[in-house]
Every structure is written in structure tokens, then in C-alpha cells.
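Examination of the molecular architecture
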Amino acid sequence: MSKALAEVSKTLAEVVGQRAAADPDRAAYLANDARVSWTQYHAHSTSLACLLIGMGLERGERLAVLLPDGPGIHVAYLGAEQAGLVTVGIGARAGFRELEHALQLTGASGILSLAEHQGRSMSDFVGGLRDQGLAIHHHIVVEGDLGGDHSLLLNGSRLDALNGSRLDGASLSDQIDDPLRDRRLAPDELFLLNFTSGTTGAPKCVRHDQKRWLSFHEFAVAAADLNESDVFMSVVPTPFGFGLWSSHFTPTILGIPTVLMPRFSAEEAISLLERHRVTVLAAVT
């Protein structure tokens, strides 16, 4: 069995932690001019996990994530996984009716977003939902990108969050391994709720555990002869199945870089393909 297939018994958070220790400076994500190493991916996601736990979110609670398809969305998903939270993945192009439907249906007690979505204040939107009786206790606003320089606000107040970029892998591991060990989600536990279109109008909620994607990874590696020398580029929205496989799971398990585009442009896509010598392109027809 190859090393890539042997990794499938581990959770994604465990894999990222091992990548950070074994190959700390190699790129995990590349987006426009941003470069996120395995060390940064591990550090930022672990810092976020600690922050989420410190806010009082209980294991198994739902955290909605509405972010562009850059490195930060992967940091958010991995941080939620480490904190034992179920991510509610909402596509960056979702309208406010879809967003309200997702929050009501899943019972999300928190949402992590940028300050604005489609030109509208997210704080005002969340406030309106609270007035309607939705128990959204935590609204975390990201200024910047969670994969790099950023600051966070919780319900309008600036947070003194851990800055993962200031923590080296060893000291970070010493600080948080014990508290997070009892919180991290297992491969067969619900880790994500996302939405797919249907014939009756309202988006349909889909349940995911990591085990299904770890199994699909095995199939994909064998069928497409993928290996540790590849470079992925995924221009598929992360919350959906194709995007999960092509940007969140398989490249991470293989330990290879993934090129991302927060907003699609055909011209920029061609430039990135050439610049990063991409060998695997994930895109719709």
C-alpha cells in the first residue's frame, strides 16, 4: 500500500499536523500572490480551534462558514474539525434566502463570515435573524484571510485571538494537544453539512463524515494514478462534493500544493496553470 493510501485512517487534522512537522515550509495552498505553508495551515487552524472552544461552543454544535474559496475557508473547516464542531458549508455565491434557509435548517449557533456579503452588512443580516428568534449566539467576522494576515471580531468586538503565524509547530503542539485531543472529530462522525440544488426549489441538506471522502480518495488515487509529485488546481466551490475532494481532502492527504481562485477568471486560471505547473485541474465543464 502506498503512503498516500496509508494516510486514510487518519483525520485530516492529524494529516495536516504531520505535514507541518515533516515538511513545514512546503506550500499547502497557493492563491493569487498568497502562499500558505503546512506550518501556517496547521497553526492558523489550531489557533482558530482554541478560540472557538474558548468562546464556549460545545462539541457537536453547528458553525456556519461563508467565505470565498481561498486558503481561509480550509483553515476554517479544519479549525472547526479540531474544535469538534460540525461545519455548515455555504457557497460564496449563495443569496440571503439560501443563507437564511441553511441557518434555520441546521440550527447553527454560530457563523463565520466576512464583514459584507454581496454588498450587504452581515452583522445587520445576522441581527435580523436574531430578531426573528434564531439562536445565532456567535457571529465571527474575518478581516483579511484566515490563511494569512487577519483579525477577528466576535459580535462586533475585536478579539485578541492567537496569531498562528507567530507560533512554531513545536510550541503550538505542546500548548494545545491535550485540550484538543478530546474535542477533535473522528473520521466516522458528522463533520460537515452542505447543500445541493434540487427540483423543488429549496437547497437540500447533505450530511458528510470524513470517512466517505477518505474512501473516495483511495478510489481517485488508484483510478487516476495520482501521486506526491502532482500539483492540484481546484476552481470548484469548496462546500460542494467535487470541491471537497479536489481542494480539501486528496491534495492534503498526498501532501501536495493546491492552487485556488477566490473568484474565477478564465484569464487568471490560465496564468496560474502555467505559473504553478499544474498537473491536475478540477473544474466544471
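Residues numbered from 1 in each chain as written. Predicted model: local features only at pLDDT ≥ 70, side-chain atom pairs only at ≥ 80, totals over all residues. Heavy atoms only, no water.

1. Comments concerning unusual backbone geometry
With phi around 55 degrees, Q118 is a residue other than glycine that occupies positive phi space. Of note, Q118 is situated in the loop between β6 (116-117) and β7 (120-121). (Helix = DSSP H or I, 4+ residues; strand = E, 2+ residues; numbered from the N terminus.)

2. Examining the pairing of strand β2 (residues 34-37)
For strand β1 (residues 27-31) and β2, the ladder comprises four bridges, and the chain directions are antiparallel. Each residue of the ladder has a partner; that of A31, found in β2, is A34. Where β1 folds back onto β2 in an antiparallel hairpin, the turn is made up of two residues, including N32, whose phi is positive at roughly 55 degrees. (Pairing = 2+ DSSP bridges.)

3. Regarding the packing of aromatic side chains
Scanning the entire structure with this criterion turns up nine aromatic pairs. A centroid spacing of 5.8 Å and a plane angle of 45 degrees characterise the contact between F216 and F219, whose relative ring orientation is tilted. Separated by three residues within a single helix, F216 and F219 lie in helix α8 (residues 210-224), roughly one turn from each other. Residue class for F219 comes out exposed when judged on its relative accessible area of 53%. Grouping aromatic residues by their ring pairs yields a cluster made of W213, F216, F219, F232, F242 and W245. When the ring centre of F96 is taken as origin, the NZ or CZ atom of R120, which lies over that ring, is 4.6 Å away. (Phe/Tyr/Trp six-rings, centres within 6.5 Å; stacked < 30°, edge-to-face > 60°. Buried < 20%, exposed > 50% of the residue type's maximum accessible area, 1.4 Å probe, protein only. Lys NZ or Arg CZ within 6 Å of the ring centre and 35° of its normal.)

4. Side note on the pattern of salt bridges
Per the counting criterion, the structure on display carries three salt bridges. Linking E143 and R158 is a salt bridge whose minimum nitrogen-to-oxygen distance equals 2.9 Å. Note that E143 is positioned in strand β8 (residues 138-144) and R158 in strand β10 (residues 157-158), a separation of 15 residues in sequence. Among the residues examined, R158 registers a relative accessible area of 54% and is labelled exposed. (Salt bridge = Lys/Arg side-chain N within 4 Å of Asp/Glu carboxyl O.)

5. Observations regarding the environment of A282
Tracing the backbone through its elements, the reader meets A282 in strand β15 (residues 280-282). Judged by its relative accessible area of 2%, A282 falls in the buried class. Among residues more than four places away in sequence, those in contact with A282 are M233, S234, V235, V236, F242 and S246. (Contact = heavy atoms within 4.5 Å.)

6. Some words on the pairing of strand β4 (residues 86-89)
Of the two faces of β4, both are covered, the one formed by V86 and V88 as well as the one formed by T87 and G89. The sheet contact formed by strand β3 (residues 62-66) and β4 spans four bridges and is parallel. Within β4, the position partnered with A64 by the bridge is V88. A crossover links β3 with its parallel partner β4, the connecting element being helix α4 (residues 71-82), and its sense is right-handed. Note that β4 and strand β11 (residues 190-196) share two bridges and pair parallel. (Right-handed = clockwise from strand over helix to strand, strands pointing away.)

7. Focus: the sheet that holds strand β12 (residues 204-209)
Read from one edge to the other, the open sheet built from eight strands follows the order β10-β9-β8-β5-β3-β4-β11-β12, with strand pairing classed as mixed. Taken across any chain shown, the strands that pair with only one partner, and hence form the sheet edges, are β10 and β12. Here α4 sits on the sheet in contact with β3, β4 and β11, set at roughly 175 degrees to β3. Each of β3, β5 (110-113) and β8 is contacted by helix α6 (residues 122-131), which is oriented at about 175 degrees to β8, the strand it contacts most. (Axes fitted to C-alpha atoms, helices over the stretch in contact; angles between N-to-C directions.)

8. With respect to the packing of helix α3 (residues 38-54) against α4
At a minimum axis distance of 8 Å, the contact between α3 and α4 shows a crossing angle of 50 degrees. In terms of their interaxial angle, α3 and α4 are classed as oblique. Pair α3 / α4 crosses with right-handed handedness. Packed against α3, whose contacting residues are Y41, H44, S45, T46, L48, A49 and L52, the element α4 presents H74, V75, A76, L78, G79, A80 and Q82 at the interface. Here the residues of the contact of α3 with α4 sort into eight nonpolar, six polar and no charged. (Parallel < 35°, antiparallel > 145°, perpendicular 65-115°, else oblique. Left-handed = near helix turned anticlockwise from the far one by under 90°. Nonpolar A, V, L, I, M, F, W, Y, C, P; charged D, E, K, R; others polar.)

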